[in-house]
Amino acid sequence: MDLFSPVTLGELELANRVAMAPLTRMRSGSSGVPGDLVVEHYAQRAGVGLIVTEGTYPNHESQAFVGQPGIVTDEQVAGWRRVADAVHARGGRVVVQVMHGGRVTHPDTNGGRRVVAPSAIAIDGQARTSTGKHPYPVPHALTTGEVRDVVRDFARAAERAVEAGLDGVEIHGANGYLLHEFLAPSSNVRDDEYGGSPENRARLVAEVVTAVADAIGAGRVGLRISPEHGIQDALEPDRADVLATYGSLLDRLRPLGLAYLSVLHRDPAGDLVQELRRRSGVPLMANSGFASVTTREEALALIEAAHADVVAVGRAVIANPDLVERWAGEHPENEIRSHLFYAAGAEGYTDYPALRAG
Ligand SMILES: Cc1cc2nc3c(=O)[nH]c(=O)nc-3n(C[C@H](O)[C@H](O)[C@H](O)COP(=O)(O)O)c2cc1C
């Protein structure tokens, strides 16, 4: 298989197998509306096979970052319509990553609202808020009824994404945010049907993805997971438990026929990821995580060995708006300026040069 060959994921037809990984950039202001700069940023990167947008909140209390975009208000939906139109005008495809921040937030970030999680266990660390760094608060443990409201809010966000003309959604079940908090035993000590056994811990994610698929069609829905990532105190130290939990989840989702499963794991070719891929029965989008920047060689190898159907590429796409063209032609890459990942404005965002002007 060739990294530069087309591939179909459910209803999503991709021109190549390089996806832009979801990348939080915090440039949507206090209204959470993607504006001119955000539109330009994504339009510049339309040459990847699929853009997965930055994590975007489905209700206000789930906002995890200052300047994060939402997909709740009419103004936010209108902003996403501009992104969709600009990417489509350049022949690209774009899905929005729907992300509930769970306990990885603070009232000074989410507008003074509650901070919620499966259980009332705080992260041991500091939240970056609009008023500086503060310890993460002890979250409110969602009641069983409130868990069902979360399912509804994800489905509603997916409907709004389609209304905005986006090609679909990716559900963020990774990296220690709300859905991952339910999956991981360290952050979920509930005793209702959403906690305890691996099947119960997988229940919310299964219900969210099923509701979203019912709302917009499974062929436009992807799911991102990061088993064993060990981030933000969502710890999964026991391989057997991980297999039982994610296996149960993917067995439940298999009949839906999702567009893709995206897995962040340090060893995409290894037993765990390949077993989860088989269990899911759908195309695999792989990413080996934060430890080292995804390279052209790594991406080529994953596809050539058929260890993945698509590779999600993060930091190299930040620095190279025309990454696919560069990788195809073996051209040099721009230097990544990581200190500007979460800065304001165009610098480090829309000012990375393309090989060819225009
Ligand atoms: C600045 C930055 C923001 C990120 N934001 C998100 C996000 O919103 N959602 C998500 O699932 N992953 C997020 N990630 C993880 C990336 O999608 C990706 O997994 C990571 O960068 C490793 O891939 P790479 O080596 O190709 O950069 C982020 C990573 C970085 C560097």
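Nothing here was measured: the structure is a model prediction, and the numbers come from that model.

About the cut-offs
- Here, residues in each chain are numbered from 1, in the same order as that chain's written sequence.
- Local features are withheld for residues below a pLDDT of 70 in this predicted model, meaning they are given only at 70 or higher, and side-chain atom pairs are given and counted only at 80 or more; totals for whole chains, interfaces and linings count all residues.
- Remark: hydrogens and water are excluded; side-chain values derive from all non-hydrogen atoms of the structure.
- Secondary structure elements are taken from DSSP: a helix is a run of H or I of four residues or more, a strand is a run of E of two residues or more, and numbering for both begins at the N terminus.
- We compute the radius of gyration over the C-alpha atoms and compare it with the globule rule, which gives 2.2 Å times the number of residues raised to the power 0.38.
- Buried means the residue's accessible area, taken with a 1.4 Å probe over protein chains only, is under 20% of the maximum for its type, while exposed means over 50%, and partly exposed covers the values in between.
- We call two residues in contact whenever any of their non-hydrogen atoms come within 4.5 Å of each other.
- To measure how exposed things are, a 1.4 Å probe is used in the Shrake-Rupley method; for residues, cover is taken only from the protein chains shown.
- Note that His is not counted, nor are the chain ends; the positive residues are Lys and Arg, and the negative ones are Asp and Glu.
- For the purpose of locating charges, the reference atoms are NZ of Lys, CZ of Arg, CG of Asp and CD of Glu.
- When two rings of Phe, Tyr or Trp (its six-membered ring) have centres within 6.5 Å they constitute a pair, described as stacked for plane angles under 30 degrees, edge-to-face for angles over 60, and tilted for the intermediate range.
- N or O atoms closer than or at 3.5 Å make up a polar contact, with two conditions inside protein: a donor-capable atom paired with an acceptor-capable one, and, for residues adjacent in sequence, both atoms drawn from side chains.
- For two strands to be treated as a pair, DSSP must find no fewer than two bridges joining them.
- The near set for a molecule or strand comprises every residue that places at least one heavy atom within 4 Å of it.
- Basically, the charged four are Asp, Glu, Lys and Arg, the nonpolar ten are Ala, Val, Leu, Ile, Met, Phe, Trp, Tyr, Cys and Pro, and anything else, Gly included, counts as polar.
- Here the axes come from fitting lines to C-alpha atoms, over the contacting stretch only for helices, and the angles between their N-to-C directions go from 0 to 180 degrees.
- Crossing chirality is assigned from the near helix's rotation relative to the far helix, an anticlockwise turn below a right angle marking it left-handed and a clockwise turn marking it right-handed.
- UniProt positions are given in the numbering used here, feature names are shortened, and annotations may be inferred rather than shown by experiment.
- Put simply, a nonpolar core is a bunch of buried Ala, Val, Leu, Ile, Met, Phe, Trp, Tyr and Cys residues held in one set by side-chain atoms that sit within 4.5 Å of each other.

Undergrad: Would you mind showing me how to read the overall build of the protein here?
TA: Scanning the protein for helices and strands turns up 10 helices and 14 strands. For 358 residues, the compact-globule estimate of 2.2 N^0.38 gives 21 Å, and the C-alpha radius of gyration of the protein, at 19 Å, lies within 12% of that figure. With respect to the three principal axes, the spread of C-alpha positions in the protein is 55 × 45 × 35 Å. Out of the 358 residues in the protein, the part that is buried amounts to 59%. Taking the intrachain contacts of the protein between residues at least 6 apart in sequence as the baseline, contacts between residues at least 24 apart amount to 70%. Summing over all exposed atoms, the protein offers an accessible surface of approximately 13,200 Å²; the carbon and sulfur share of this is 50%. Side-chain charges of the protein comprise 34 positive and 46 negative groups, with the mean position of each set lying 1 Å from the other.

Undergrad: Help me understand the packing of aromatic side chains, please; the structure alone is not making it clear to me.
TA: The geometry of an aromatic ring pair is captured by the separation of the ring centres together with the interplanar angle, meaning the angle of the planes. Under the criterion given, the structure shown has three aromatic pairs. Relative to Trp-80, the ring of Tyr-42 has its centre 6.4 Å away and its plane inclined at 45 degrees; by these criteria the two rings are tilted. Residue Tyr-42 is located in helix α1 (residues 36-44), and its partner Trp-80 is located in helix α2 (residues 74-89); the two are separated by 38 residues in the primary sequence. Across the pair, Trp-80 and Tyr-42 agree in class, each one buried.

Undergrad: I'm lost on the environment of Arg-27 in this one. Help?
TA: Positionally, Arg-27 belongs in the loop between β3 (18-20) and α1. Sequence separation between Arg-27 and Gly-176 is 149 residues; the distance between their C-alpha atoms is 22 Å. A distance of 3.0 Å separates a polar side-chain atom of Arg-27 from the backbone oxygen of Arg-25.

Undergrad: Quick question: what am I supposed to make of the pairing of strand β7 (residues 126-129) here?
TA: Every other side chain in a regular strand lies on the same face of the sheet, so the side chains alternate between the two faces. On β7, burial follows the alternation: Ala-127 and Thr-129 on one face are buried, whereas Gln-126 and Arg-128 on the facing-out side are not. Relative to strand β8 (residues 132-135), β7 runs antiparallel, the two sharing four bridges. Within β8, the residue paired with Thr-129 across the bridge is Gly-132. The turn joining β7 and β8, which pair antiparallel and follow one another in sequence, is formed by two residues.

Undergrad: Help me understand the side chain of Asp-153, please; the structure alone is not making it clear to me.
TA: Locating Asp-153 in the fold gives a position in helix α3 (residues 144-163). For Asp-153, a relative accessible area of 16% puts it in the buried group. Of note is the side chain of Asp-153, whose polar atom sits 3.1 Å from the side chain of Arg-152. Sequence-distant contacts of Asp-153, defined by excluding residues within four places in its chain, comprise Pro-58 and Asn-59.

Undergrad: I'm lost on the site of the ligand in this one. Help?
TA: The environment of the ligand is made up of 21 residues, and the closest members are Pro-22, Thr-24, Thr-294, Gly-314 and Arg-315. In this structure, an oxygen atom belonging to the ligand sits 3.2 Å away from a main-chain N or O atom of Gly-55. The contact in question runs from an oxygen atom of the ligand to an N or O atom on the backbone of Gly-289, over 3.5 Å. Here the ligand loses 96% of its free accessible area of 600 Å² to cover by the protein chains. Grouping the amino acids of the shell around the ligand by side-chain chemistry returns nine nonpolar, 10 polar and two charged.

Undergrad: Explain the packing of α3 against helix α5 (residues 198-216) here, please?
TA: Angle between the axes and distance between the axes: these two values describe a pair of packed helices. With their axes 9 Å apart at the nearest point, α3 and α5 run at an angle of 35 degrees to one another. Crossing geometry of α3 relative to α5 is assigned as right-handed. Facing α3, whose interface residues are Val-147, Val-151, Phe-154, Ala-155, Ala-158, Glu-159 and Val-162, α5 presents Leu-204, Glu-207, Val-208, Ala-211, Val-212, Ala-215 and Ile-216. When its residues are assigned to classes, the contact of α3 with α5 shows 12 nonpolar, no polar and two charged.

Undergrad: Is there a simple way to think about the UniProt feature "domain: NADH:flavin oxidoreductase/NADH oxidase N-terminal" (unreviewed entry) in the protein in this case?
TA: When the UniProt feature table is mapped onto this chain numbering, "domain: NADH:flavin oxidoreductase/NADH oxidase N-terminal" (unreviewed entry) sits at residues 2-330. The distance from the first to the last C-alpha atom of residues 2-330 is 15 Å, and the span holds 35% helix and 17% strand.

Undergrad: Would you mind going over the nonpolar core with me for this structure?
TA: One broad rule of soluble globular proteins: the nonpolar side chains tend to lie buried together. Counting 85 residues, the largest nonpolar core has Leu-166, Val-169, Ile-171, Leu-204, Val-212, Leu-223 and Leu-249 as the members making the most contacts within it. Here the element with the most residues in this core is α5; it accounts for 10 residues. The contacts of Val-169, once residues within four sequence positions are left out, are Val-95, Val-96, Val-98, Ala-158, Ala-161, Val-212, Ile-216, Arg-220, Val-221 and Gly-222. Ranked by size, the runner-up nonpolar core spans 14 residues in total, among them Leu-12, Ala-19, Val-95 and Val-310.

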